[in-house]
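Examination of the molecular architecture
Given next are the chains, with one letter for each unit.
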Amino acid sequence: MNNQDVFINCPFSEDFKPFFHAMVFAVVRSGFTPRCALEADDSSENRFDKICQIIKQCDYGIHDISKIELDEKSALPRFNMPLELGLFLAAKKFGNATQRRKKCIIFESRPYEYQKFISDIAGQDIHCHHKSLPKLFIELSAWMRRENEDGMVPGGNTIKKEYQKFQKAVPRLCRKIGLQTSEMTYLDYRRMVEKWAVSSIVP
């Protein structure tokens, strides 16, 4: 039996935050636990080791390799997402029986774009969200519905509507605990989603 931890590998930049938050919401709403490198802030721990440990603990992974634009300052792309995808696939390929249970979904923004910069994964089933949140919800919902043993995962359109309702409630939820929305960390956001899902969605 697989655990319910899902490693989210995506950009954490401000422009990608709506997609990141949508992924966290969809994972929680589907009965899983989102995990990512932002969950711990321990200066005594090496970042790479922390990511490896989280990947080790997660049986599932969401990998978004769609952000391939060059950085304005360095004129270079960000390689973190392909690196972490490689770590996840290597754990599945070379790990013990527990690691070989790993399953993941890989996203790009336009069909077959990945072949231009990471062609070695051409044998994988790559999903395309076209930079559309509704499409992302539909793709994630279908994937997680197959993986959730209870089968209690709604369709993508339902999750999208619930996400929109939750997003409107975020400022009020922040005020309730004396938190500015600009101060909200990943763990703050995840906990809000979890509490809101229990109180507003799950019977």
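Placed above this text is the structure.
Described below are features of the structure shown in this document.

Criteria and cut-off values
Residues numbered from 1 in each chain as written. Predicted model: local features only at pLDDT ≥ 70, side-chain atom pairs only at ≥ 80, totals over all residues. Heavy atoms only, no water. Pairing = 2+ DSSP bridges. Helix = DSSP H or I, 4+ residues; strand = E, 2+ residues; numbered from the N terminus. Axes fitted to C-alpha atoms, helices over the stretch in contact; angles between N-to-C directions. Contact = heavy atoms within 4.5 Å. Parallel < 35°, antiparallel > 145°, perpendicular 65-115°, else oblique. Left-handed = near helix turned anticlockwise from the far one by under 90°. Nonpolar A, V, L, I, M, F, W, Y, C, P; charged D, E, K, R; others polar. Patch = residues over 30% accessible without salt bridge, like charges linked within 9 Å, V, L, I, M, F, W, Y side chains within 5 Å. Areas by Shrake-Rupley, 256 points an atom, 1.4 Å probe, with all protein chains shown as cover. Salt bridge = Lys/Arg side-chain N within 4 Å of Asp/Glu carboxyl O. Lys, Arg positive; Asp, Glu negative; His and termini not counted. Charge placed at Lys NZ, Arg CZ, Asp CG, Glu CD. Buried < 20%, exposed > 50% of the residue type's maximum accessible area, 1.4 Å probe, protein only.

**Side note on the sheet that holds strand 4 (residues 103-108)**
- In spatial order, the strands read 2-1-3-4-5; together these five strands make up an open sheet with parallel pairing. At either margin of the open sheet sits one strand with a lone partner, and together these are strand 2 (33-35) and strand 5 (126-128). Here the average twist between neighbouring strands, direction ignored, is 25 degrees.
- Relative to the sheet, helix 1 (residues 17-29) contacts strand 1 (5-9), strand 2 and strand 3 (60-64), its axis offset from that of strand 1 by approximately 170 degrees.

**Re the packing of helix 1 against helix 5 (residues 156-176)**
- At their nearest, the axes of helix 1 and helix 5 sit 10 Å apart, and the two run at 115 degrees to each other. Judged on the interaxial angle alone, helix 5 and helix 1 are roughly perpendicular. Seen from above, helix 1 lies across helix 5 with right-handed handedness. Between helix 1 and helix 5, the residues in contact are Pro 18, His 21, Ala 22, Phe 25, Ala 26 and Arg 29 and Ile 159, Glu 162, Tyr 163 and Phe 166, respectively.
- In terms of residue class, the contact of helix 1 with helix 5 is made up of seven nonpolar, one polar and two charged.

**Some remarks on a positive patch on the surface**
- There is a patch of like positive charges on the surface, built from Arg 172, Arg 175, Lys 176, Arg 191 and Lys 195.
- Among the elements of the structure, helix 5 and helix 6 (186-200) are those that each provide at least two residues to the positive patch.
- Per element, the largest residue contribution to the positive patch is three residues, and it comes from helix 5.
- Mapped onto the elements of the fold, Lys 195 is located in helix 6.
- Judged by its relative accessible area of 64%, Lys 195 falls in the exposed class.

**A few points about the pattern of salt bridges**
- Considering all chains together, one arrives at eight salt bridges under this definition.
- Measuring nitrogen to oxygen at the nearest pair gives 2.6 Å for the salt bridge that ties Glu 162 to Arg 29. Within this pair, whereas Glu 162 is found in helix 5, its partner Arg 29 is found in helix 1, the two being separated by 133 residues in sequence. The pair Glu 162 / Arg 29 is uniform in exposure class, with both members buried.
- The salt bridge partner of Glu 194 is Arg 190, with a shortest N-O separation of 3.5 Å. Separated by four residues within a single helix, Glu 194 and Arg 190 lie in helix 6, roughly one turn from each other.
- The partly exposed category is assigned to Glu 194, whose relative accessible area is 29%.

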